[in-house]
Amino acid sequence: MNSKILKAHLALLGANLIYGANHIIAKGIMPHKIGASAFVFLRIVGAGILFWLLKTFIKERVAKKDLRRLLICGLLGVATNQLLFFHGLNLTSPIDASIIITAVPILVLVFSFFILKEKITSNKILGVTIGAIGAVLLISTGNSADGTSSLLGNLFVFLNACCYGLYLVLVKPLMKKYNTITVVSWAFLFGFIFMFPIGIEDVISTDFESFTLHTYLTVAFVIIGTTFLAYLLNTYSLNNVSPSVNGSYIYLQPAISFIMVSIYAYWLGHEQYKEDIGWIKIVSCLLVFLGVFLVSKQSKRT
């Protein structure tokens, strides 16, 4: 493994450790401190400013013909992706959200087949089927499960996974053509344009005076860590590895979320999270993992 590939894998490891922690950290202040739409608005504005500050050091022009793809990437990978995820996380369990997100590699495979015309083997078809069963089982049991699960919340997170999977496929050609910072900066600019009419009213109505130090630290973690740093690491990795390899690192997120939920439930005494650890979720998780393993087994060439 050469140094560029190694750095790409380390970047993916770091990004998904951040994402896994985010499931429980971000949920801790929603909705009693800040609403999902307002939170996403702050994410996009804060991280967008950081990206464009970096962009000032990169003198690179984007061809007009690529602006349309960047606009779509901003819509799917920034605005819609984050809105669906935070609204879903606001309604459902952090563990449910992290398990459903592992369907991204399967969705990347499907989108790659239709958009990039990549071949699908019998193993991958089996993986898609098994993974889909696991995801549907988890989503459909949201209302009947104990704890903080939610059918609507799980559905939002699944739609978020669809948007992110499509984004990974669409952004790959741009990563071969432009600097990472250039691509992400433009994507966040377009994402902000889409997000502004949706989130500005919720931001204005947010009671910032009620924010504690913990609230500000959480917002800072989500803007700097989950958004700026994680997007940067994820997009950087696409320079050297395929979208399917990128997506495969999402396996880490349920394990990280499970550990953090367990700490919150049994060490810090957050009783509402104890029921989020049940056999249905374990079975669903295993099915999704098996499906993703079969999908990614033959695609990991880098």
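Report on the accompanying structure.

Reading guide: rules and limits
- Residues numbered from 1 in each chain as written.
- Predicted model: local features only at pLDDT ≥ 70, side-chain atom pairs only at ≥ 80, totals over all residues.
- Heavy atoms only, no water.
- Helix = DSSP H or I, 4+ residues; strand = E, 2+ residues; numbered from the N terminus.
- Buried < 20%, exposed > 50% of the residue type's maximum accessible area, 1.4 Å probe, protein only.
- Contact = heavy atoms within 4.5 Å.
- Areas by Shrake-Rupley, 256 points an atom, 1.4 Å probe, with all protein chains shown as cover.
- Core = buried A, V, L, I, M, F, W, Y, C linked by side-chain atoms within 4.5 Å.
- Axes fitted to C-alpha atoms, helices over the stretch in contact; angles between N-to-C directions.
- Parallel < 35°, antiparallel > 145°, perpendicular 65-115°, else oblique.
- Left-handed = near helix turned anticlockwise from the far one by under 90°.
- Nonpolar A, V, L, I, M, F, W, Y, C, P; charged D, E, K, R; others polar.
- Phe/Tyr/Trp six-rings, centres within 6.5 Å; stacked < 30°, edge-to-face > 60°.
- Expected span 1.5 Å × (residues − 1).
- Polar contact = N/O pair within 3.5 Å; in protein donor to acceptor, adjacent residues only side chain to side chain.

Across its full length, the protein carries twelve helices and zero strands. Ordering the α and β elements of the protein from the N terminus gives α-α-α-α-α-α-α-α-α-α-α-α. Going through the 302 residues of the protein one by one, you find that 55% of them count as buried. Across the protein, the fraction of contacts at a sequence separation of at least 24, relative to all contacts at a separation of at least 6, is 89%. On the protein, roughly 13600 Å² of surface is accessible, and the fraction owed to carbon and sulfur atoms is 70%.

A separate point is the nonpolar core. Ranked by internal contacts, the top residues of the largest apolar core, which has 71 residues, are Ile-34, Phe-39, Phe-51, Phe-86, Val-104 and Phe-188. The leading source of residues in this core is helix α7 (residues 151–177), at 13 residues. With near-sequence residues (within four places) excluded, Phe-39 lies in contact with Ala-26, Ile-29, Met-30, Ile-34, Phe-86, Thr-218, Val-219 and Val-222.

Let's shift gears to the packing of helix α4 (residues 94–101) against α7. Here α4 crosses α7 at 30°, and the two axes come no closer than 9 Å. In terms of their interaxial angle, α4 and α7 are classed as roughly parallel. Pair α4 / α7 crosses with right-handed handedness. Touching Asp-96, Ala-97, Ile-100 and Ile-101 of α4 are Asn-154, Val-157, Phe-158, Asn-160 and Ala-161, all from α7. Along the lines of polarity and charge, the residues of the contact of α4 with α7 split into six nonpolar, two polar and one charged.

Taken as a whole and judged by the stated rule, the model has 14 aromatic pairs. Measuring from ring centre to ring centre gives 5.9 Å for Trp-186 and Phe-190, while their planes differ by 35°; the resulting arrangement is tilted. Placement of both Trp-186 and Phe-190 in helix α8 (residues 180–204) is noted, with a separation of four residues, approximately one turn of the helix. Judged by relative accessible area, which is 21%, Trp-186 ranks as partly exposed. Three or more aromatic residues joined by ring pairs make a cluster, and in this case those are Phe-51, Phe-188, Phe-228 and Tyr-231.

Further remarks concern the environment of Thr-56. Along the chain, the position of Thr-56 falls in the loop between α2 (36–55) and α3 (64–91). For the pair Thr-56 and Ile-181, spaced 125 residues apart in sequence, the C-alpha to C-alpha distance is 9.8 Å.

In this model helix α5 (residues 104–115) runs 16 Å from its N-terminal to its C-terminal C-alpha over twelve residues, within 8% of the 16 Å that 1.5 Å per residue would give. Three or more residues of α5 are buried, namely Val-104, Pro-105, Ile-106, Leu-107, Val-108, Leu-109, Phe-111 and Ser-112. Immediately downstream of α5, the backbone of Lys-117 shows phi near 60°, a positive value.

Moving on, we come to unusual backbone geometry. With an omega of -5°, the peptide bond running from Met-30 to Pro-31 counts as cis. The residue Pro-31 is located in the loop between α1 (3–27) and α2 in this model.

In this section: the environment of Ala-132. Mapped onto the secondary structure, Ala-132 falls in helix α6 (residues 122–140). Overall, the relative accessible area of 36% leaves Ala-132 in the partly exposed class.

Within the secondary structure, Thr-218 sits in helix α9 (residues 213–237). Of note is the side chain of Thr-218, whose polar atom sits 2.9 Å from the backbone oxygen of His-214.

Moving on to α4. Every α-helical turn comprises 3.6 residues, leaving residues that sit three or four positions apart pointing alike. Of all eight residues in α4, eight are buried, a share of seventy percent or more. Residues Pro-94, Ile-95, Asp-96, Ala-97, Ser-98, Ile-99, Ile-100 and Ile-101 constitute the buried set of α4.

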